Each structure stands twice: as C-alpha cells, then as structure tokens.
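Coordinate inspection notes
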Amino acid sequence: MASAARSLVVLAALLTAGLAGGQGSGEGLGVSPPTLDLADAQGGETYLRTVQVQNPTDTPSGIGILRSGAVASWTSSDPSGNFTIPPRSFREVALSIAVPAGAGLGQHSGQLTFIADPKAAPDGSGASFRPAVGLLLNVTVGGAAVAKLTWLSARVEDAPVG
C-alpha cells in the first residue's frame, strides 16, 4: 500500500511538472515552438530548424533528449547529446531533419522529448521527478496524401426499368 501511495505521489509530481513546463511557472521546462511543422517536404532533402529549450528554474538543469517516432529518427540535433541550461535561461537547439528519399507521401510524425535531470520532490517525500517537455514533429512529404477510389462494377437486379 505504501509503494502504491509513493507511486501516486511520483505520478502527480510528473504530471504537475509537465503542466508547469508548458506554462513557464518556474518548476519545469519549456520549448518554443512546441510544434514543428514541415509542409510539402521532399524525399532526399534536409531541412534546418532551431528551437529554444527553456529552464525557468533557479538551478542549472542537465538535459537529455529522447527520440520517438519516424520523424525523430530522421532528426539530428546540435547539441547531439546531453547539455546543461543555466538557471532562468534558454538554449538554442539546432535540428536537421533529413527526409529519406524513399519516404512515402503524406504526413509523418515524431517527438523529441527534452528531459531534465532528476529533481528532489518538495516536502521531503524521498521521491524525485524529472521535468520534461515534448516537441511534436510533423512532416508532410510531397504534399497531402491522395486518396483514390476506383469503381469496379455495379449491379442492380431488382430495380424497375424506366
């Protein structure tokens, strides 16, 4: 029972940190812009973008990057590994999105999650939490996907003629 209560405290702290990060309340992280959209991207091309990761806290934050989804695997960053953001400041992160030549038409997505080093939870609970913020990546290759409908045949036997 005690471990379940501790898990709920940790989950509540994580959720609070995630919500706070988007609002810049000083308890989490922020990223600007929160979504990166590339419309009409072409296979075989590379696109360069810059985002800002913000640390509104009063202490330095060590940051790691977690990649998920197809577009995240196409994306490299500078810095490429862990980095530190001083208190109440931001760090620009350069992104290079290399769309594979064989990427199918239509929308592809992914996410980069910037995760801070563990922070001690308030009130001496013994738990810790890791503030994190996600950057949603949306890439549309070759424009919107085209839906096709092919009429194969039709047959009506019971309809009256005329």
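The structure this text deals with has already been given above.
Read on for a plain summary of the structure.

Cut-off values and rules
Residues numbered from 1 in each chain as written. Predicted model: local features only at pLDDT ≥ 70, side-chain atom pairs only at ≥ 80, totals over all residues. Heavy atoms only, no water. Helix = DSSP H or I, 4+ residues; strand = E, 2+ residues; numbered from the N terminus. Buried < 20%, exposed > 50% of the residue type's maximum accessible area, 1.4 Å probe, protein only. Contact = heavy atoms within 4.5 Å. Areas by Shrake-Rupley, 256 points an atom, 1.4 Å probe, with all protein chains shown as cover. Salt bridge = Lys/Arg side-chain N within 4 Å of Asp/Glu carboxyl O. Pairing = 2+ DSSP bridges. Axes fitted to C-alpha atoms, helices over the stretch in contact; angles between N-to-C directions.

On to the overall build of the chain. Within the chain, the regular secondary structure consists of 2 helices and 11 strands. Listing the helices and strands of the chain from first to last along the sequence gives α-β-β-β-β-α-β-β-β-β-β-β-β. Within the chain, the fraction of its 162 residues that count as buried is 35%. Sequence-distant contacts in the chain: of pairs separated by 6 or more residues, those separated by 24 or more amount to 67%. Carbon and sulfur atoms provide 56% of the accessible area of the chain, an area that totals close to 9,900 Å².

In this model, serine 32 is joined to proline 33 through a cis peptide bond whose omega is -5°. The residue proline 33 is located in the loop between strand 1 (30-32) and strand 2 (35-41) in this model. Look at the link from aspartate 78 to proline 79: it is a cis peptide, with omega at 10°. When you line up the elements, proline 79 lands in the loop between strand 5 (75-78) and strand 6 (83-85). A positive phi angle, near 50°, is found at arginine 88, a position not held by glycine. Residue placement: arginine 88 occurs in the loop between strand 6 and strand 7 (89-98).

Attention shifts here to the pattern of salt bridges. Per the stated rule, a full pass over the model turns up 1 salt bridge. Here arginine 88 makes a salt bridge to aspartate 58, at a shortest N to O gap of 2.8 Å. Within this pair, whereas arginine 88 is found in the loop between strand 6 and strand 7, its partner aspartate 58 is found in the loop between strand 3 (46-55) and strand 4 (61-69), the two being separated by 30 residues in sequence. The exposure class of arginine 88 is exposed, given its relative accessible area of 55%. Since its relative accessible area comes to 59%, aspartate 58 is described here as exposed.

On to the sheet that holds strand 3, then. With respect to topology, 4 strands assemble into an open sheet ordered 1-3-7-5, the strand pairing being antiparallel. The open sheet has two edge strands with one neighbour each: strand 1 and strand 5. Going across the sheet, the axis of each strand differs from the next one's by a mean of 30°, ignoring polarity. As paired strands, strand 1 and strand 3 are joined by 3 bridges and run antiparallel to one another. The residue bridging serine 32 from the neighbouring strand is glutamine 52, located in strand 3.

With that settled, the discussion passes to the pairing of strand 3. Note that strand 3 and strand 7 share 10 bridges and pair antiparallel. When the sheet's bridge partners are listed, asparagine 55 is paired in strand 7 with serine 89.

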